[in-house]
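Tertiary structure, described
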Amino acid sequence: MEMTDKPTDRYTSFVAIGDSFTEGMSDLLPDGSYRGWADVLAARLAARTPGFRYANLAVRGKLIGQIVDEQVDRAAAMRPDVITLVGGLNDALRPACDMGRVRALLEQAAERLAPNCRRLVLMRSPGRRGPVMERFRPRMEELFTHVETVAVRHGALVADLYGAEVLGDQRMWDADRLHLTAEGHRRVAEAVWQTLGLEAEEDWRAPLPPAVRPAWTARRIEDVRFARRHLGPWVGRRLTGRSSGDGRPPKRPDLLPYKPGAV
């Protein structure tokens, strides 16, 4: 779903809420912090609007219930021009998931947010091609169908990243196979930019050059490394009910003027 603004229209403020996808993992900066598509989008919006303000309340590992409890009311109270809401995938990727509850909470979030911003943007999130994607695809597609329904009901926009072939390319994903690279985040920022009705600067769906398939031995070594460094800890957190975001505050908790070089 896309909407075209008048050429003179400007967005003066933006609040992003969600989980690690919106926090910016794995778009790593030299200082060890994460940038991500929301920061890239904020920088671009700020470049065209003096006094632009930005907050990012997203925290890695958050479930949709936590996003509703900890982020939604804060974002609504800020009353920005744009709010982006991406959530529910952390729930869908768990062994046991009440999708009815996920759908209800997403509806609750949109109902609270939509009247308190000019543009509410939801997303059909991208998914890396591979066995994990295939295992959880039915839940993901159930979630994304509901995203479309919620958007129609509340007049929200939808950035359809799931439908972009290029964002399923394994080269767009970091070694943890859960988070986009810097290039992936850059393309998501362009997708949301265009969804907001702003003039396209590039084709974010453009395919990557043909891939050179690594040798079998190299693939197996990488699989072992992935299992040891990323999959094992991820499974461990799921089994114990812990989250990588436990106790972590949002990186931009207040709606403040954006400063060049701040993100």
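1. A word on the pattern of salt bridges
Enumeration over the complete set of coordinates arrives at 17 salt bridges. One salt bridge in this structure joins Glu190 and Arg44, with 2.7 Å as the shortest N-O distance. Here Arg44 lies in helix H2 (residues 37-48) and Glu190 lies in helix H7 (residues 182-195), a separation of 146 residues in the sequence. The shortest N-O distance in the salt bridge between Lys62 and Glu70 comes to 3.1 Å. Lys62 gets classed as buried once you look at its relative accessible area, which sits at 9%. A network of salt bridges, in which partner residues are shared, links Glu183, Arg186, Arg187 and Glu202.

2. Examining H2
Across its twelve residues, H2 extends 17 Å between first and last C-alpha, which sits within 8% of the 16 Å expected from 1.5 Å per residue. Along H2, nine of the twelve residues are buried, which leaves the element largely enclosed by surrounding structure. Looking at H2, one finds that the buried residues are Trp37, Ala38, Asp39, Val40, Leu41, Ala42, Arg44, Leu45 and Ala46.

3. With respect to the pairing of strand E1 (residues 13-18)
Of all the six residues making up E1, six are buried; the element is thus mostly covered by neighbouring parts of the structure. Side chains of E1 alternate between two faces, with Ser13, Val15 and Ile17 and Phe14, Ala16 and Gly18 buried alike. Note: E1 against strand E2 (residues 53-56), four bridges, orientation parallel. When the sheet's bridge partners are listed, Ser13 is paired in E2 with Arg53. By the bridge criterion, five bridges tie E1 to strand E3 (residues 82-86) in an arrangement that is parallel. Within the sheet, the bridge partner assigned to Ile17 lies in E3 and is Leu85.

4. Thoughts on the sheet that holds strand E6 (residues 252-257)
In spatial order, the strands read E5-E4-E3-E1-E2-E6; together these six strands make up an open sheet with mixed pairing. The sheet terminates laterally at strand E5 (157-160) and E6, the two strands that pair on one side only. Averaged over all neighbouring strand pairs, the angle between strand axes comes to 15 degrees, with direction disregarded. Pairing analysis gives four bridges linking strand E4 (residues 119-124) to E5, with the strands arranged parallel. Of the residues in E5, the one forming a bridge with Val121 is Leu157.

5. Comments concerning the packing of aromatic side chains
Each pair of aromatic rings is reported with the distance of its centres and the angle of its planes. Under the defined criterion, the tally for this structure stands at three aromatic pairs. Here Phe21 and Trp37 contribute two aromatic rings whose centre-to-centre distance is 5.9 Å and whose plane-to-plane angle is 40 degrees, an arrangement assigned as tilted. Taken as a pair, Phe21 in helix H1 (residues 20-23) and Trp37 in helix H2 lie far apart in primary sequence, 16 residues in all. In this pair, the class of Phe21 matches that of Trp37, namely buried. The ring of Trp193 carries Arg44 above its face, with NZ or CZ at 4.1 Å from the centroid.

6. Thoughts on the packing of H2 against H7
Each pair of packed helices can be described by the angle between their axes along with the distance between the axes. Packing of H2 against H7 brings their axes to within 8 Å, and their N-to-C directions diverge by 50 degrees. Between H2 and H7, the crossing angle belongs to the class labelled oblique. Between H2 and H7 lies a crossing of right-handed hand. For the pair H2 and H7, the contacting residues are Trp37, Val40, Leu41, Arg44, Leu45 and Arg48 in the first and His185, Val188, Ala189, Glu190, Val192 and Trp193 in the second.

7. Focus on the pairing of E3
In terms of residue burial, E3 counts as a mostly covered element, since five of its five residues are buried. Going residue by residue along E3, you find Val82, Thr84 and Val86 tucked away on one face and Ile83 and Leu85 tucked away on the opposite face as well. Across four bridges, the pairing between E3 and E4 is parallel. Paired with Leu85 across the two strands is Leu122, which belongs to E4.

8. Section: the environment of Cys117
Looking at the secondary structure, you find Cys117 in the loop between helix H5 (99-113) and E4. Given a relative accessible area of 13%, Cys117 falls into the buried group. Separated by 103 residues in the primary sequence, Cys117 and Phe14 have C-alpha atoms spaced 9.2 Å apart. Apart from the residues within four sequence positions on either side, Cys117 is in contact with Pro80, Asp81 and Ile83.

Definitions and limits used
Residues numbered from 1 in each chain as written. Predicted model: local features only at pLDDT ≥ 70, side-chain atom pairs only at ≥ 80, totals over all residues. Heavy atoms only, no water. Salt bridge = Lys/Arg side-chain N within 4 Å of Asp/Glu carboxyl O. Helix = DSSP H or I, 4+ residues; strand = E, 2+ residues; numbered from the N terminus. Buried < 20%, exposed > 50% of the residue type's maximum accessible area, 1.4 Å probe, protein only. Expected span 1.5 Å × (residues − 1). Pairing = 2+ DSSP bridges. Axes fitted to C-alpha atoms, helices over the stretch in contact; angles between N-to-C directions. Phe/Tyr/Trp six-rings, centres within 6.5 Å; stacked < 30°, edge-to-face > 60°. Lys NZ or Arg CZ within 6 Å of the ring centre and 35° of its normal. Parallel < 35°, antiparallel > 145°, perpendicular 65-115°, else oblique. Left-handed = near helix turned anticlockwise from the far one by under 90°. Contact = heavy atoms within 4.5 Å.

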